[in-house]
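# Summary of the model geometry
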Amino acid sequence: MSMKRRFCIHRDVYKDSVCLLEAGRMMRELKGVFWASALVATTANTTALVKDGFLLDISEVNANDLVIAVCADSEATAGGALEAAARLLFSSGNDPGIGAPAVEADLLSALKTRPLANVAVISVPGEYATLEAQKALTAGLHVFIFSDNVPIADEIALKRRALELGRLVMGPGAGTALFGGAGLGFANRLTEGPVGVVAASGTGAQEVASLLDRWGVGISHIIGVGGRDMSDEVGGLGVEAAIRALDADDRTRAILLVSKPSSSEVAERLVLVPNKPMVAALIGLERPLATNRSGVTVCDTLEGGAVEMLRLLGKSSPDPAVSYIDTLVAAAERLPVGRKRLVGLFSGGTLCYEVMTVAARFLGPIYSNIPIDKRWSLGDAPPGSHICLDLGEEEYTKGNPHPVIDAAARLELLERQANDPSVAAVVLDVILGDGAHHDPAGVLAPAADRIVRSGVAVIVHVLGTPRDPQGLAAQCKRFEDVGCIVTASATRAALAGAALVLRDPALAGPLRTT
């Protein structure tokens, strides 16, 4: 079948990356559309379009322009997709000409119309993010940098300047934040409460906050600082500033620090910063921290962090295994003998780390594009290996939607597992909340149904709260109705996967924290 490639250029138009990804997702769901994207006309983006066969003259566009591109089965389908994307991006609440707040041309103009604003959200291509963040700091604002691909030297310089100015720089690559109930980036709808979260991991922050919310403990604030912050290079500059801010906040009684694999030396210094009680959930912690400070509890899983926070606050924790243990036993009984591999397909990198950290204790090496051990990189995986993939990494999202926004981004890889006779269990994370796909179960559950019917067990961790717009209970039920094992946390998903591979359902029974 011949494919028709069409594009349109919108001059001097800015839309943030979440809006652009949503427009791309909407187009790809249209019948007859093979591929589509809405993107900023940077040199990298337009060069990629040209390589893909779009007859775009790179010299005629610049990074102030927006390009909508589509590949479809006919001229009519392609044209309809372009029109639908334009309506989504520029009509009603997105169009400043039809009653919505005006979109200003620059930061200073925006401040004139919003003089009480104290946070700037930076969501531009990475090569432009540093300059915009510096402008925001000069204007006296805290900065939330959603943008990725910012040089680490720029991150260090921004955070050092922010410390001098008494401001926060969150990011680059900050996925989520919450201040006084207002979410930035991807955010769940949480009740207000005594726990402040500092996170060098967006999905990690969402996981612990959602668990605490469902267990009856609210959140005061979430301060995301970007995944590189606790590295030796950055030295925890953002985490330290965030801890000090929560330490001075009257609404925060205790602090929960979350990080994917980080520098032990940096972590040892940071846990000594707060005066308030702290729980540090440091995934994949390589060695015990050398700190004897009272009031600090360190663990190496997200669920463990949430459970320890409950204990700190004098509350008991439920056993999340109870809801799915019968389904797990039944799945283990019908699993064909030859199936012995675990496969994880994740939209959240930190949830991928969590599952690998826990499951590897029982299964041994798990290979990945984000390995917890450098010896277990994906390129070194021998045949028959356990594999977990973070499909939100650049090698999967470059020119494609992020799987949190477009649930269909994982369909091909998911359905491929049904044809692999070695796979015993597939683990999926499903992230709910503002900014996420409006109905991920509606897309993924039918595919999961086909996988389950092929003999493969499907384990789904649904991350969210009862108030999230997708409906936590309804999303869980859609997966349960097709025979999936639905778990309450990523730790539970890891234990369920290990239990199936080893044919030992008891592994997933008792509450296990470290």
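The structure presented is a predicted model; accordingly, all values stated were derived computationally and were not measured.

What follows covers the overall build of the chain. A count of helices and strands for the chain gives 17 helices and 19 strands. Along the longest, intermediate and shortest principal axes, the C-alpha atoms of the chain span 60 × 60 × 40 Å. Buried positions account for 54% of the 514 residues belonging to the chain. For the chain, the exposed surface amounts to about 21000 Å²; the carbon and sulfur share of it is 53%. Across the chain, 48 positive and 58 negative side-chain charges occur, with their mean positions spaced 2 Å apart.

Reading across the sheet, the six strands line up as β15-β16-β14-β17-β18-β19 and stay open at both edges, with parallel pairing between neighbours. For this open sheet the edge positions go to β15 (366–368) and β19 (485–487), each flanked by a neighbour on one side alone. Taking the axes of each pair of neighbouring strands and ignoring which way they run, one obtains an average angle of 20° across the sheet. Where β15 and strand β16 (residues 386–390) come together, three bridges link them in parallel fashion. Considered in β16, the bridge of Y367 is made with I387. Along the sheet, helix α16 (residues 472–481) contacts β17 (423–431), β18 (457–463) and β19; its crossing angle with β18, the most-contacted strand, is approximately 175°.

One pass over the structure, following the stated rule, counts 25 salt bridges. The salt bridge involving D406 is made with R28; its shortest N-O contact spans 3.1 Å. Taken together, the residues D406 in the loop between α13 (394–397) and α14 (411–416) and R28 in helix α1 (residues 17–28) connect sequence positions 378 residues apart. Note on D406: relative accessible area 4%, which makes it buried. A relative accessible area of 19% means that R28 is categorised as buried. Where R361 meets D300, a salt bridge forms, and the shortest distance between an N and an O atom there is 2.9 Å. Of this pair, R361 sits in helix α12 (residues 349–363) while D300 sits in the loop between β13 (296–299) and α10 (302–312), and the two are 61 residues apart along the sequence.

Before going further, it helps to examine the packing of aromatic side chains. All told, the structure shown has two aromatic pairs when counted by the stated rule. Measuring from ring centre to ring centre gives 5.9 Å for W35 and F54, while their planes differ by 50°; the resulting arrangement is tilted. In this pair, W35 is assigned in strand β2 (residues 33–40) and F54 in the loop between α2 (43–51) and β3 (66–72), connecting sequence segments 19 residues apart.

Judged by nonpolar contacts, the single largest core of 130 residues is most densely connected at V197 and F479. The residues touching V197, leaving out its near neighbours within four places in the chain, are A205, V208, I219, H221, I222, I223, L246, L256 and V258. If you look at the next biggest cluster of nonpolar residues, it comprises 18 residues, including V33, A72, L82 and A85.

Over its 12 residues, α1 runs 16 Å from end to end, which matches the ideal 16 Å to within 8%, given 1.5 Å per residue. For α1, every residue scored as buried is listed here: L20, A23, G24, R25, M26, M27 and R28.

Sheet analysis places strand β4 (residues 119–122) next to strand β5 (residues 142–145), joined by four bridges and oriented parallel. Considered in β5, the bridge of V121 is made with F144. In this fold, the crossover linking β4 to β5 by way of helix α5 (residues 126–138) has right-handed handedness. Two elements, β5 and strand β6 (residues 169–170), share two bridges in a ladder whose sense is parallel. The residue bridging F144 from the neighbouring strand is M170, located in β6.

How each quantity is defined
- Residues numbered from 1 in each chain as written.
- Predicted model: local features only at pLDDT ≥ 70, side-chain atom pairs only at ≥ 80, totals over all residues.
- Heavy atoms only, no water.
- Helix = DSSP H or I, 4+ residues; strand = E, 2+ residues; numbered from the N terminus.
- Buried < 20%, exposed > 50% of the residue type's maximum accessible area, 1.4 Å probe, protein only.
- Areas by Shrake-Rupley, 256 points an atom, 1.4 Å probe, with all protein chains shown as cover.
- Lys, Arg positive; Asp, Glu negative; His and termini not counted.
- Charge placed at Lys NZ, Arg CZ, Asp CG, Glu CD.
- Pairing = 2+ DSSP bridges.
- Axes fitted to C-alpha atoms, helices over the stretch in contact; angles between N-to-C directions.
- Contact = heavy atoms within 4.5 Å.
- Salt bridge = Lys/Arg side-chain N within 4 Å of Asp/Glu carboxyl O.
- Phe/Tyr/Trp six-rings, centres within 6.5 Å; stacked < 30°, edge-to-face > 60°.
- Core = buried A, V, L, I, M, F, W, Y, C linked by side-chain atoms within 4.5 Å.
- Expected span 1.5 Å × (residues − 1).
- Right-handed = clockwise from strand over helix to strand, strands pointing away.

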